[in-house]
Amino acid sequence: MEGVLSGAIGVLAASGIWLVLRPRTFQVIVGLCLLSYAVNLFIFATGRLVLGAPPIMPRGGFIDPTAYADPLPQALVLTAIVISFATTALFLVVLIASRGLTGTDHVDAQEREP
Amino acid sequence: MTPDTLLWLALTYAQIALALAACLATLRMVRGPRAQDRVLALDALYIAIMLLFLVTGLRLGTPFLFEAALVISVGGFVATVTLAKFLLRGEVIE
Amino acid sequence: MIEENLLLILVGLPFAAALAASTVPTTAHSAAAWVSGGLLAMGLAILAVLHAPIAEGEVLRSTLAWVPSLGLTLTFRMDGFVWLFASLVFGIGILVLIYARYYLSKSDPVPRFYAFLMAFTGAMLGVLLSGNILMLVVFWELTSILSFLLIGYWHQGQAARDGARMALIVTGLGGLGLLLGMVLLGQIVGSYDLDRVLASGDVVRAHPLYPLVLALFLLGCFTKSAQMPFHFWLPGAMAAPTPVSAFLHSATMVKAGVFLLVRFSPVLGQTELWFFAVTGTGMLTLVLGSVIALFRHDLKGLLAYSTISHLGLITALAGIGSNGAILAAIFHIVNHAVFKASLFMAAGILDHETGTRDMRRLSGLIRFMPVTGSLAIVASAAMAGVPLLNGFISKEMFFAEAADWHNGTWLDNALPYLATLAGVFAVAYSLRFIATVFFGPPATDLPKSPHEPPAWMRRPVELLVLVCLLVGIAPGLTLGPVLNLAAQAVLGPDLPYKAIHVWHGFNLPLGMSLIALGAGVALYALAGGRVSQGPEGPPLLHRLRAQRVFERLLLLFTWKLPRQLHRFIGTERLQPQLRLILLLALAAGLATLWGGLRVSPSPLETPLNPAFAAMWLVGAVCAIGAATLAKYHRFASVVLLGGAGAVTCLTFAWLSAPDLAVTQLLVEIVTTVLLLLGLRWMPKRREEIAEDKLRPARIRRLRDFIIAVVAGAGLAAISYVVMTSPLIPNVGDWFLRNAYAEGGGTNVVNVILVDFRAFDTFGEITVLAIVGVTVFALLRRFRPSAESVALAEAAARLEDTSLAHALRVPAVIMRWMFPVMMVLAAYLFFRGHDLPGGGFSAGVTMSIAFLLQYLAHDVRWIEDRLTILPIRWMGIGLVIAGLTGMGAFVFGYPFLTAHAQYITLPLIGKVPAATALLFDAGVFALVVGATVLMLIAIAHQSLRVARLRDRDSGGQAETEGA
Amino acid sequence: MTPGPEHLIIAPILIPFFAGALMLIYDERQRSAKLAISLGAVMAMLLVGVELLMRSKGSALTGFNDIGFYLLGDRGAPFGIVLVIDRLSAMMLVLTALLALPALIYAAAGWHRQGQHFHSLFQFLLMGLNGAFLTGDLFNLFVFFEVLLAASYGLLLHGGGQLRVRGGLHYIAINLTGSLLFLVGVSMVYAASGTLNMAHLSLMVPMLPEPQRVMLHAGAAIMGLAFLIKAGIWPLSFWLPTAYMAGAAPVAAMFAIMTKVGVYVLLRLALLIFGAGAGASAGFGAEVLIAGGMATVVFGFLGVLASQGLGRMAAHLVLVSSGTVLAATGFVLAGGPVQILAAALFYLLSSTLATSALFLLIEPMGREEGGIAALLALTADAYGLDEREENRQPEVGLAIPGSLTVLGICFAACLIVLAGLPPLSGFIGKLGLLQALVASGSATGPMAWIFVAILILSGFATLTGLVRVGIQTFWASDGAPPRVLALELAPVVGLIGLLVFLTIKADVTLGYMNDTADALLRPSIYAQGVLGAPRAEDASP
Amino acid sequence: MSRFLPHPLLSCALTLMWLLLTRFSLGHLVLGSAIALFAGLAFARIEPQAPRIRAWTPLLRLVGIVSVDIVRSNWAVARLMLTNGRHGARKSGFVRIPLRLRDPVALAVLAVVLTATPGTAWLEYDPEAGTLLLHVFDMIDEAEWHALIRDRYEALLLEAFA
Amino acid sequence: MTALATLPPWLMLLVAALLVLGSTLTLLGAFGLLHLKSFYDRLHAPTLGTSWGTAAILLASMLCWSWVQDRVFVHELVIGLCVMVTTPVTLMLLGRAALHRDRAEGQPDIPPAPDRGEQD
Ligand code: NA
Ligand code: NA
């Protein structure tokens with residue numbers, strides 16, 4: 001599983017990075033979305049992989065922390081998801097506005113000079 | 001072949017079959033050719049994943065995947081409806 | 001004690017005068033002059049009082065603390081040298097004030113003039129009196145700044161602006177060098193106190209940094225005293241009003257440079273390096289300055305180059321540094337100040353009364369203004385070094401040093417010849433000034449008809465010329481004692497008294513003087529006419545105007561070169577910037593992990609599930625597909641992105657993170673909708689962009705592909721190592737153990753979010769609120785491109801029926817889903833603390849429910865029925881969350897301290913009541929508000945466009961208040 | 001010690017939060033009410049900041065370094081989030097409030113009417129800044145970074161228009177990438193150390209085994225990159241001039257401190273985690289900071305020289321200032337003397353105030369006739385479709401006479417401070433740096449000398465560039481003097497007044513900075529204090 | 001009654017849904033009812049008119065019929081897939097069917113029924129003409145489809161909805 | 001396989017059968033989606049998954065969890081209802097969209113839009 005997941009992170013990151021480096025605003029925003037998937041999975045992965053043991057506790061009694069997934073990276077990812085959602089939305093609106101004002105969807109708001 | 005292993009095999013088969021279904025749907029999604037094909041494939045992918053949630057929950061013995069399945073069934077619907085409406089009207093909200 | 005206070009008052013006086021002058025009304029010429037002059041006169045009186053102790057050889061000191069930790073103390077210190085110099089500044093300052101009172105016209109803004117002039121005087125005094133070498137730099141830079149303002153006083157003229165700027169840049173650069181030099185000097189000596197520095201000559205000269213210190217120090221001195229090759233700012237500064245020129249170029253500003261050279265010659269001097277650098281520069285300036293002066297047609301230009309030349313003389317003397325040379329230098333400082341001030345004033349009078357300063361137009365003026373003419377003739381004779389005038393004696397002393405002092409170098413051997421050569425040209429240009437301006441036929445085409453100036457405008461000149469005569473005839477009686485005091489102050493109290501005489505008998509210096517006089521007269525007689533016909537500058541050299549060279553260099557170094565370099569090492573395009581960030585991240589990772597990143601010997605392994613692998617095949621295909629299609633098939637890209645997101649969610653759920661799965665799913669759906677909303681405003685891209693097929697574009701893509709693959713592989717490798725490395729004890733364990741006991745919830749992730757690390761959530765919802773508000777604000781002023789408007793029309797033609805018509809049946813189901821999704825939201829909300837869910841997911845679900853209604857109906861239909869005020873929701877959500885956090889204050893706990901308790905209700909039994917739930921309610925309200933706001937704000941743009949279209953087509957003009 | 005938690009520490013976060021949230025509930029048209037709330041909040045912040053500053057000075061008993069803690073949710077460190085107030089953070093809080101007040105007053109002259117919800121966004125920006133200065137938790141730092149960034153996006157776009165949107169697009173794209181790097185870095189640090197608490201981390205670093213140390217270094221390097229983007233280090237700073245130039249004047253004035261947040265975090269984290277006591281990790285990244293900081297200064301002053309407009313110039317001056325402090329941080333991290341840090345902090349204070357004042361000057365200086373009213377009419381005409389509430393009433397307020405003189409004096413003061421010319425505070429900061437560098441010359445090698453040369457050159461370049469603009473504006477223009485409102489100039493005059501005050505009180509301030517720098521170099525006090533901070537529950541019976 | 005409970009049927013169903021999702025207890029009944037009540041009120045803003053159901057028995061019969069049809073058509077379509085459309089012999093086609101049904105809710109139910117049974121796809125409903133365009137996966141006889149829809153589903157729905 | 005081990009054999013067999021049925025149907029649907037030639041044909045394919053495919057797996061899940069948790073555990077019903085009710089909406093919209101796009105492009109063999117006079 002570790003190998004698959006790390007490969008997945010790599011593919012998501014590579015696709016995202018490639019898009020982020022493209023000249024069209026829409027490519028960049030899709031790239032940022034893919035990148036944030038990769039990063040979320042990466043943060044999550046720092047808690048190691050645990051199958052079928054979500055950090056949902058019994059009410060009281062002894063608790064063996066090693067039997068459950070590390071909850072902290074999960075909490076961090078949750079915050080990160082929300083924040084990157086918000087900023088992606090903002091970026092989207094800005095690129096719409098940029099397109100409206102400049103008439104192009106190039107990231108530099110002007111077509112590349114040949 | 002005890003019922004025990006049979007169930008286990010069935011679970012494994014179900015997982016693989018659903019994952020395969022997802023793969024096929026993805027192929028259609030990539031191949032297109034028209035936008036409506038892609039949306040249709042995405043809808044199928046959502047369903048396959050929703051079912052995979054349930055089967056995996058059973059296999060892992062954890063009931064906590066149910067919410068995810070519920071949310072994907074509702075959310076997937078909204079997502080595909082939005083995509084379909086975009087195709088139909090050229091606008092999402094008018 | 002009194003003397004110390006007097007010292008402080010002395011420095012303060014000019015600044016007080018500046019303050020006073022700046023407050024008088026614009027037209028009050030006399031008032032400003034009187035106030036300033038009065039205060040300067042007070043300064044002279046104080047100097048008179050202080051003469052007694054100075055004459056005793058005492059050094060007066062006074063200290064005020066400013067920044068002692070940096071060694072910046074306002075120490076003022078006065079010895080004989082400073083006393084002499086200060087007297088000169090005050091004396092000439094008063095004369096300049098009197099002169100300026102009549103020189104400036106009614107329309108000039110005088111308060112500013114007097115204020116700047118007085119502040120400048122104060123700064124100059126500060127340079128003279130500073131007993132702390134850092135404070136000296138402070139005042140030094142102040143003189144630069146204030147002289148800039150003075151030179152640019154008539155800033156309407158281009159020449160004044162250029163002159164001022166050049167003066168500031170050159171002297172400012174020198175000042176920065178001086179600052180560094182002084183810091184180094186202080187470091188070497190261990191103190192910034194001038195007395196300690198002056199006493200540490202041996203230490204300084206032996207230090208390895210001595211050459212650097214010397215270079216920086218000389219940079220400061222040479223720029224200030226206009227030594228070649230930094231001389232060019234001085235002629236440019238002639239654009240200043242004449243009183244300013246008279247002041248700056250006689251007693252102050254340029255003299256600050258030579259003052260410092262003389263002052264520091266015991267510390268930095270006495271070395272061959274010093275001699276070559278200082279005397280060499282001085283002689284070069286002396287000779288070249290005098291040559292150029294002869295060829296200038298502008299009166300003030302001639303005087304300016306003469307000033308440069310005389311400063312070269314003083315510098316050369318300071319470089320020699322012998323007892324006699326220092327005395328001569330000090331003497332010449334005074335003499336030059338006196339005759340040059342008078343000459344500048346005379347030139348100003350000529351300009352004032354004739355309207356021109358061009359010597360080629362001026363002629364025979366002695367007939368119209370005999371008194372002024374006579375005064376000018378005497379003063380220029382002093383400048384030429386004619387016997388019985390003050391200039392003669394100090395020049396004689398210079399010739400004597402040049403001839404008699406030896407250190408055996410080639411420069412030393414050349415000194416007498418160079419000195420004589422300069423003397424020849426000095427005589428020639430002085431003669432030219434007198435002969436062309438005052439003699440010959442009367443000028444005919446002058447802008448004004450010349451006549452004598454007002455009496456008081458001439459008084460300062462008369463006084464100065466009188467001094468020239470007095471000193472020239474009886475040097476020993478007039479200046480002898482103070483000069484010796486000053487030299488002692490520089491060179492030490494053991495210096496023997498040197499009597500100064502006019503007559504030394506027939507000796508080599510006298511011979512040099514006579515040669516200079518004779519040859520000078522001959523030179524003018526032979527070449528004078530041709531000079532007047534010729535260009536402004538000596539033959540050959542006139543093409544190479546230092547000022548123009550400087551302007552070119554300045555343009556090159558402060559504009560062209562920086563522009564090119566800046567462009568070369570920077571960019572304003574986004575892609576290179578992002579590429580750089582990623583490359584640097586790669587580099588950072590490689591640099592730190594290279595050779596150190598190893599899979600642990602006993603890696604953690606989770607057995608592979610083939611379905612999981614197959615799902616990631618799906619994910620990878622979706623991701624890569626989205627990446628490839630994002631340019632020409634944006635819609636497909638959005639669809640594929642949805643696929644990749646769904647697989648990501650599945651992964652979270654599979655690997656024990658149900659909360660993440662739910663949240664990621666919901667967010668992904670909203671993101672998809674947002675992207676689609678945005679897609680509508682993107683330009684259609686049906687055909688390939690031709691440029692994409694070209695080679696550079698291919699290379700760019702290949703390069704980016706490599707970066708992407710390497711970075712992706714790097715991240716994959718790191719994540720693999722992290723995932724497989726054995727667990728280390730971390731704070732997560734504590735959360736697992738204490739979530740229920742301390743946080744009262746079984747879903748540890750949720751307990752972390754609303755209790756243990758609720759502050760993160762608190763910030764996170766603020767981010768959402770901010771983004772919502774920003775989106776709203778930005779789209780309020782949104783203006784679609786014309787193309788997008790047309791696009792909507794095309795889409796409308798595609799589907800010629802109305803929305804209600806097209807969605808008649810599906811809309812029913814979509815409406816009915818609304819209450820169902822509300823219940824779903826409530827479900828996610830209430831179970832959050834114990835099971836997957838929570839305020840955020842509930843909020844997004846709720847807003848998706850709203851969204852669905854917007855999808856099913858047109859905006860007006862839905863907004864007539866459901867009124868959502870998203871911004872209020874957001875505000876209320878934030879306030880609820882904040883107040884819940886503050887609730888803990890009442891019980892003496894910190895912000896966001898959660899409290900959980902069971903309340904027993906009749907029939908129902910125990911009901912959990914946790915403050916965390918209230919906090920989550922705040923989160924819910926905020927998320928609903930923010931998400932709905934974002935979706936609807938973008939959606940409304942289409943509506944606006946439609947309205948715009950209606951308006952343009954002159955259709956039904958509806959008044960609508962949204 | 002007063003009983004119970006000291007809520008004053010969290011006040012700088014809560015005050016702007018509630019002010020911003022309340023103003024969202026208010027109707028957008030009640031701008032004067034919003035202005036009053038906003039001003040009140042900033043005043044309160046200033047007071048709280050000053051009080052915290054006074055407290056953090058401590059007494060002889062605490063070694064003149066009193067560190068205050070606030071355990072959020074009453075959870076002890078390292079499990080909960082803890083706010084920490086010490087000399088450095090207190091200073092930054094005060095600086096923020098000192099910048100906010102003039103910016104707000106300036107905005108009241110008309111800018112706040114240029115778009116929606118200006119005041120809320122402004123308060124949220126302050127909340128983000130204060131939070132970033134106070135927090136002692138790495139991930140919480142990320143959250144507050146996002147708060148301040150999000151607010152800065154909003155403020156940058158405030159007023160709309162092509163230039164802003166274009167600048168904003170780049171700004172957001174780059175900062176989003178930076179945020180992703182931050183996240184990657186934080187999670188690597190967590191994977192390596194198992195903690196997010198800075199103090200806890202600082203205690204763990206010396207004891208980390210090799211594989212984890214490598215991972216920590218990588219995480220720190222990637223995270224550091226995110227901070228360096230914010231701090232505007234070369235070559236990650238190309239976005240900055242365009243973005244800062246595009247912002248409305250009061251926003252740009254506030255942005256003067258945005259790079260300083262990056263610098264602050266680097267300073268804090270580098271000295272806490274990689275300070276002298278960090279064992280094998282000591283001094284990590286010092287060379288990068290030194291070289292990058294110096295390159296930034298060079299890039300900044302080249303930009304100053306290459307700029308045509310004052311806005312671009314001011315933005316590059318921000319880079320000069322930021323680069324100087326970064327390089328100084330590097331020198332200290334590499335073992336340079338504490339005086340470098342003290343001088344750098346003083347320099348930071350003075351240059352931030354001066355750049356802020358300069359940003360406020362740009363618009364009135366470049367204004368020919370008509371002022372905000374003309375601007376408002378123009379934008380409303382261009383973009384207003386149905387914004388009926390964008391009232392076009394002429395701006396209220398007193399236009400001052402002799403505006404050119406006052407403007408000129410203010411500009412000259414900014415110039416003198418920024419070029420490091422005597423006698424104002426810029427000189428003192430630069431002098432302190434030069435002295436410390438020259439003194440440490442042999443210890444820090446040729447880099448110190450290069451830095452000295454760069455400092456001198458940057459001063460010269462600033463002088464040249466600003467004088468060019470000043471002459472153009474004040475001497476070469478023959479138009480009528482611009483109409484400038486008292487409300488627009490008062491803040492600038494106030495900032496200049498602060499600079500003069502700073503000059504006069506330089507010795508006291510430098511003393512404070514010296515003790516601050518001293519405390520920063522002894523991170524164990526901070527670390528042990530955080531982990532030993534008592535919970536309210538344990539304190540009360 | 002109708003002011004506070006504009007959609008009694010819906011609110012009941014939602015309460016039931018709440019209980020399905022959580023657990024059957026008095027506390028959840030109260031909470032669920034409150035939520036359902038609120039949801040009903042909110043729904044009334046966009047759908048003031050509750051659907052009028054005249055008779056329940058036809059609906060129950062419909063449920064029965066449809067369940068059987070779903071199983072049957074699942075089997076049919078699955079077999080077609082496995083046999084590659086009877087080895088290429090399968091033909092699909094469009095059918096335009098005039099409907100008497102006008103009630104939107106009833107039409108929605110019909111849509112659900114037709115979609116849930118594999119082999120028929122609802123493409124387009126024209127409210128003016130009252131015609132429905134269907135796509136049929138295995139088109140053997142067009143008239144058969146007309147009859148099937150009219151008699152098997154539409155009749156029951158017409159009976160049930162007012 | 002922790003919780004499921006407590007199931008009685010008959011239930012195990014039933015659940016296994018349901019799982020195989022459901023997943024096979026879904027797979028068949030996906031296969032059809034990829035395999036079928038025209039969009040309108042493909043439109044039918046996923047309904048295999050959304051009807052009995054989903055139902056069978058939901059049923060299996062319900063049976064299992066009800067046994068394991070020792071009470072009637074039927075919240076899967078909600079999912080089932082949701083899927084059943086929402087799938088038509090998506091397919092209706094997609095079908096209509098395809099129809100309109102094909103008509104706009106003048107594709108052959110597409111039924112024309114219903115005749116209507118001037119309206120709207
Ligand atoms: Na000689
Ligand atoms: Na003449």
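Residues numbered from 1 in each chain as written. Chains lettered and ligands numbered in written order. Predicted model: local features only at pLDDT ≥ 70, side-chain atom pairs only at ≥ 80, totals over all residues. Heavy atoms only, no water.

### Let's talk about the interface of chain C and chain B
If you look at the interface, chain C gives 64 residues, while chain B gives 47 residues. Of the roughly 4,600 Å² buried between chain C and chain B, counting both surfaces, carbon and sulfur atoms make up 82%. Taken as a group, Phe635, Val639 and Leu855 of chain C account for 12% of the area that chain C buries against chain B, more than any other trio of residues on that side. Summed over the shared surface of chain C and chain B, the result is two salt bridges. Glu91 of chain B is the salt-bridge partner of Arg680 of chain C, the closest N and O atoms lying 3.0 Å from each other. On inspection of chain C and its partner chain B, the count reaches six residue pairs in polar contact (both at pLDDT 80 or more). (Contact = heavy atoms within 4.5 Å. Buried area = accessible area lost by both parts, 1.4 Å probe. Salt bridge = Lys/Arg side-chain N within 4 Å of Asp/Glu carboxyl O. Polar contact = N/O pair within 3.5 Å; in protein donor to acceptor, adjacent residues only side chain to side chain.)

### Quick word on the coordination of the sodium ion (ligand 2)
When four donors bind a metal tetrahedrally, each ideal donor-metal-donor angle is 109.5 degrees, and when six bind octahedrally, the ideal angles are 90 or 180 degrees. All names here are of chain C. Around the sodium ion (ligand 2), the protein contributes the donor atoms Met359 (O), Leu362 (O) and Thr436 (O), which lie 2.3 to 2.9 Å from the metal centre. In primary-sequence terms, the residues that donate to the sodium ion (ligand 2) follow M-x2-L-x73-T. Of the two residues, Met359 and Leu362, neither departs from the other in class, the shared state being buried. (Donors = N, O, S within 2.8 Å, 3.2 Å for Na, K, Ca; no water. Buried < 20%, exposed > 50% of the residue type's maximum accessible area, 1.4 Å probe, protein only.)

### Some points on the pairing of strand 3 (residues 131–136) of chain E
Residues and elements named next belong to chain E. Of all six residues in strand 3, six are buried, a share of seventy percent or more. In strand 3, alternate side chains face the same way, and those of Thr131, Leu133 and His135 on one face and Leu132, Leu134 and Val136 on the other are all buried. Here strand 2 (residues 120–126) runs beside strand 3; their pairing, made up of six bridges, is antiparallel. Each residue of the ladder has a partner; that of Glu124, found in strand 3, is Leu133. (Helix = DSSP H or I, 4+ residues; strand = E, 2+ residues; numbered from the N terminus. Pairing = 2+ DSSP bridges.)

### What about the pairing of strand 2 of chain E?
Among the seven residues that make up strand 2 of chain E, seven are buried, leaving the element largely enclosed by the rest of the structure. With antiparallel pairing between neighbouring strands as the criterion, strand 2 of chain E and strand 3 of chain E make up a hairpin whose turn holds four residues, including Gly130 of chain E at a positive phi of roughly 70 degrees.

### Digging into the packing of aromatic side chains
Scanning all chains against the criterion turns up 55 aromatic pairs over all chains. With centroids separated by 6.0 Å and ring planes inclined at 70 degrees, the aromatic side chains of Phe81 of chain C and Phe85 of chain C adopt a geometry described as edge-to-face. Remark: Phe85 of chain C and Phe81 of chain C occur in helix 3 (residues 80–103); sequence separation between them is four residues, near one turn of the helix. For the pair shown, Phe81 of chain C and Phe85 of chain C are each scored as buried. For the ring pair Phe139 of chain D and Phe142 of chain D, a centre distance of 5.4 Å and an interplane angle of 35 degrees mean the geometry is tilted. In this pair, Phe139 of chain D and Phe142 of chain D both sit in helix 5 (residues 138–156), three residues apart, roughly one turn of the helix. Here the aromatic residues Phe759, Phe762, Phe889 and Phe895 of chain C together with Phe17, Phe18 and Phe144 of chain D are joined through ring pairs into a cluster of three or more. Between Arg90 of chain E and the ring centre of Phe137 of chain E, over which it is positioned, the NZ or CZ distance is 3.9 Å. (Phe/Tyr/Trp six-rings, centres within 6.5 Å; stacked < 30°, edge-to-face > 60°. Lys NZ or Arg CZ within 6 Å of the ring centre and 35° of its normal.)

### What to know about helix 12 (residues 254–268) of chain C
Since the α-helix packs 3.6 residues into each turn, any two residues three or four apart lie on the same face. All names here are of chain C. For helix 12, with 15 residues, the first-to-last C-alpha span of 20 Å sits near the 21 Å given by 1.5 Å per residue. In helix 12, a bend of some 30 degrees at Val262 exceeds every other bend along the element, and Pro266, a proline, comes one to four places later. With 14 of its 15 residues buried, helix 12 lies for the most part within the structure. Of the residues flanking the end of helix 12, it is Gln270, one or two places downstream, whose phi is positive at about 70 degrees. (Expected span 1.5 Å × (residues − 1). Bend = angle between axes of the 7 residues up to and from the residue.)

### Comments concerning a negative patch on the surface
Residues and elements named next belong to chain C. A cluster of acidic residues, Glu3, Glu4, Glu56 and Glu58, forms a negative patch on the protein surface. As for its placement among the helices and strands, Glu3 is situated in helix 1 (residues 2–23). According to the relative accessible area criterion, Glu3 is partly exposed, its value standing at 31%. (Patch = residues over 30% accessible without salt bridge, like charges linked within 9 Å, V, L, I, M, F, W, Y side chains within 5 Å. Areas by Shrake-Rupley, 256 points an atom, 1.4 Å probe, with all protein chains shown as cover. Lys, Arg positive; Asp, Glu negative; His and termini not counted. Charge placed at Lys NZ, Arg CZ, Asp CG, Glu CD.)

### Topic: the packing of helix 3 (residues 87–108) of chain D against helix 20 (residues 486–504) of chain D
All names here are of chain D. Running from N to C, helix 3 and helix 20 point in directions that differ by 165 degrees, and their axes come no closer than 7 Å. In terms of orientation, helix 3 and helix 20 fall into the roughly antiparallel class. As helix 3 packs across helix 20, the resulting crossing turns out to be left-handed. Across from Leu98, Leu99, Pro102, Ile105, Tyr106 and Ala108 in helix 3, the residues of helix 20 making contact are Leu487, Glu488, Pro491, Leu495 and Leu498. Here the contact of helix 3 with helix 20 is built from residues that sort into ten nonpolar, no polar and one charged. (Axes fitted to C-alpha atoms, helices over the stretch in contact; angles between N-to-C directions. Parallel < 35°, antiparallel > 145°, perpendicular 65-115°, else oblique. Left-handed = near helix turned anticlockwise from the far one by under 90°. Nonpolar A, V, L, I, M, F, W, Y, C, P; charged D, E, K, R; others polar.)

### Observations regarding the arrangement of the chains
A comparison of contact numbers over the ten pairs of chains in contact places chains C and D at the top. Separated without contact, chain D and chain F have their nearest C-alpha atoms at a distance of 28 Å.

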